[in-house]
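Survey of secondary and tertiary structure
The residues making up each chain are set out below.
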Amino acid sequence: MPVPLRTPDSPMSLDDQLYPEIEPYDHGLLAVGGPHRIYYEQVGNPDGVPVIFLHGGPGGGAKPVHRRFYDPDFYRIVLIDQRGCGRSEPLGETEDNDAQALVEDLERLRRHLGIERWVVTGGSWGSCLALLYGEAHPDRCLGFRLRGMFMGRAREIDWWWRSIGVLFPEAYDELLAALPPSEHGDVLAAYYRRTNDPDPGVHEPAVRALKRFSARTSTFRPDRELIDQAVDLAQALPLSRFFTRYCAHGFFIEEGQILRDLGRITHLPAQLVVGRYDVVAPPTTSWEVHRAWPGSELEVVVEGNHSDLEPAMAAAVRRATDRLRDRLGPRQPNNHKLNGRQLNNQ
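Heads up: these notes are all about the structure in this document. (Residues numbered from 1 in each chain as written. Predicted model: local features only at pLDDT ≥ 70, side-chain atom pairs only at ≥ 80, totals over all residues. Heavy atoms only, no water.)

**Overview of the pattern of salt bridges**
- Inspection of the entire model under this criterion finds 31 salt bridges.
- In this structure, Glu107 and Arg111 form a salt bridge, with 3.6 Å as the shortest nitrogen-oxygen distance. Placement of the pair is Glu107 and Arg111 together in helix H2 (residues 99-112), with a separation of four residues, close to one helical turn.
- With a relative accessible area of 5%, Glu107 lands in the buried category.
- For Asp322, the salt bridge goes to Arg318, with nearest N and O atoms at 2.9 Å. Here Asp322 and its partner Arg318 are both found in helix H12 (residues 311-328), four residues apart, which amounts to about one turn of the helix. Assigned by exposure class, Asp322 and Arg318 land together as buried.
- The structure contains a network of salt bridges with shared partners spanning Glu23, Glu41, Arg67, Asp81 and Arg87. (Salt bridge = Lys/Arg side-chain N within 4 Å of Asp/Glu carboxyl O. Helix = DSSP H or I, 4+ residues; strand = E, 2+ residues; numbered from the N terminus. Buried < 20%, exposed > 50% of the residue type's maximum accessible area, 1.4 Å probe, protein only.)

**Examining the packing of helix H4 (residues 154-163) against helix H9 (residues 233-248)**
- Closest axis-to-axis distance for the H4/H9 pair is 10 Å, and the angle between their directions is 125°. By the criterion of interaxial angle, the relationship of H4 to H9 is oblique. Two secondary-structure elements touch here, H4 through Ile157, Trp160 and Trp161 and H9 through Phe243, Thr244 and Cys247.
- Residue classes in the contact of H4 with H9 are distributed as five nonpolar, one polar and no charged. (Axes fitted to C-alpha atoms, helices over the stretch in contact; angles between N-to-C directions. Parallel < 35°, antiparallel > 145°, perpendicular 65-115°, else oblique. Contact = heavy atoms within 4.5 Å. Nonpolar A, V, L, I, M, F, W, Y, C, P; charged D, E, K, R; others polar.)

**Section: the pairing of strand S5 (residues 75-81)**
- With seven of seven residues buried, S5 is to be regarded as a mostly interior element.
- Side chains Tyr75, Ile77, Leu79 and Asp81 project from S5 onto one buried face, and the interleaved Arg76, Val78 and Ile80 project onto a second face that is buried too.
- Pairing of strand S3 (residues 36-44) with S5, which is carried by six bridges, proceeds in the antiparallel orientation. Within S5, the residue paired with Gln42 across the bridge is Val78. (Pairing = 2+ DSSP bridges.)

**Digging into the layout of surface pockets**
- The volume enclosed by the largest pocket comes to roughly 1,300 Å³.
- Along its surface, the largest pocket is lined by 46 residues, and Lys63, Lys211, Ser214, Leu226 and Leu239 are the ones closest to its centre.
- The greatest single-element share of the lining of the largest pocket, amounting to six residues, is contributed by H9.
- Among the residues making up the lining of the largest pocket, the classes are represented as 19 nonpolar, 18 polar and nine charged. (1 Å grid on protein atoms, 1.4 Å probe; cavity = no way out; pocket = protein on both sides within 12 Å on 5 of 7 lines; lining within 4 Å. Points joined across faces, edges and corners; volume = space filled by probe spheres on them.)

**Remarks on empty space enclosed by the protein**
- One pass over the full model with this rule turns up one cavity of 30 Å³ or more.
- Empty space within the largest cavity amounts to approximately 30 Å³.
- Lining the largest cavity are Phe53, Phe69, Gly122, Gly123, Arg145, Arg147, Asp308 and Val317.
- Those elements giving two or more residues to the lining of the largest cavity turn out to be strand S6 (118-123) and strand S7 (141-147).
- For the lining of the largest cavity, the residue count by class is three nonpolar, two polar and three charged.

**Concerning the packing of aromatic side chains**
- Per the counting criterion, the structure on display carries 16 aromatic pairs.
- Ring geometry for Trp160 and Trp161: centres 4.9 Å apart, planes at 65°, overall edge-to-face. Take Trp160 and Trp161: they sit in the same class, and that class is buried.
- Aromatic pair Tyr246 and Phe252: ring centres 5.0 Å apart, planes at 80°, arrangement edge-to-face.
- Given the relative accessible area of 1%, Tyr246 is considered buried.
- Through successive ring pairs, a cluster of aromatic residues spans Trp160, Trp161, Tyr172, Tyr191, Phe213 and Phe243. (Phe/Tyr/Trp six-rings, centres within 6.5 Å; stacked < 30°, edge-to-face > 60°.)

**Quick look at helix H7 (residues 200-217)**
- With 18 residues, H7 ought to run about 26 Å at 1.5 Å a step, and its terminal C-alpha atoms sit 25 Å apart, in line with that.
- For H7, the complete set of buried residues consists of His203, Ala206, Val207, Ala209, Leu210, Lys211, Phe213, Ala215 and Thr217.
- At its buried positions, H7 is contacted by H4, helix H5 (169-177), helix H6 (187-195), helix H8 (224-228) and H9.
- Its side-chain oxygen 2.9 Å from the backbone nitrogen of Gly201, Asp199 forms the N-cap of H7. (Expected span 1.5 Å × (residues − 1). Polar contact = N/O pair within 3.5 Å; in protein donor to acceptor, adjacent residues only side chain to side chain.)

Structure, rendered in structure tokens:
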């Protein structure tokens, strides 16, 4: 089907595009094996259609703003921090931490919460984990909403570490400048080694350089606040260690596995969103999935890169979640207003 192209209304702010702020009605830590306990929270309608949000990274975490992409009258919204991430314990733990463990964590959490089937949503690495989970447990899924899709293939990993510099040469030069010239031949291996080095004199400069590079290349417009957050090592250190580890191990996925097994879930509804100028997870991956998934809908956002926290992308992701809502059940009364105007659900 034709791919919808969206040019955002002007002016826009992030707050204008999302549902109102909301607090959890339930949260906790779930033991999932070994030293790991994963943080989860629930917001919205306890009797609503269950939906889980899977954050990116690997090594990121769910934020309060992520609760606001979902209609709280319709959805029972579950957010988690994956093993070793965010509020999960122990923070930064790499033991027994791979894609298969994360998939099984989702099953443990689903059973713990007494959920029969749920909608699975996520962006970037979260979209990859969502597809892995769906293909492993298709009978537990109601549908998918995925943004900035990534499938963990060698060419996608190579693109991030070698080719983004074609579009962001100044940012890539800065990434290389944190390494001695002798290590420029394999940038991923160098950063994997350095970010995991126990010596702060070695890992801290590498972590900051990696975080700055990611911040400079993931937004449509430069975000100085995001770039400046690279100095905060509390979250940047585990994120950098997880990201380099997963990249170095091919995300612990067989090459081509996700596309090969996609037929296990293509009977389910899927809403896909990608930024036209997504240089982190280029649109070709989302297009491949869309083409292989009959009935899926793909929206390409003109003023969009990778981040879902810019207004145009946020609006598109929220619209996609609403379209999936309308596929799954009777439309609920929507009395939510932001800044004096009704949310646009078209």
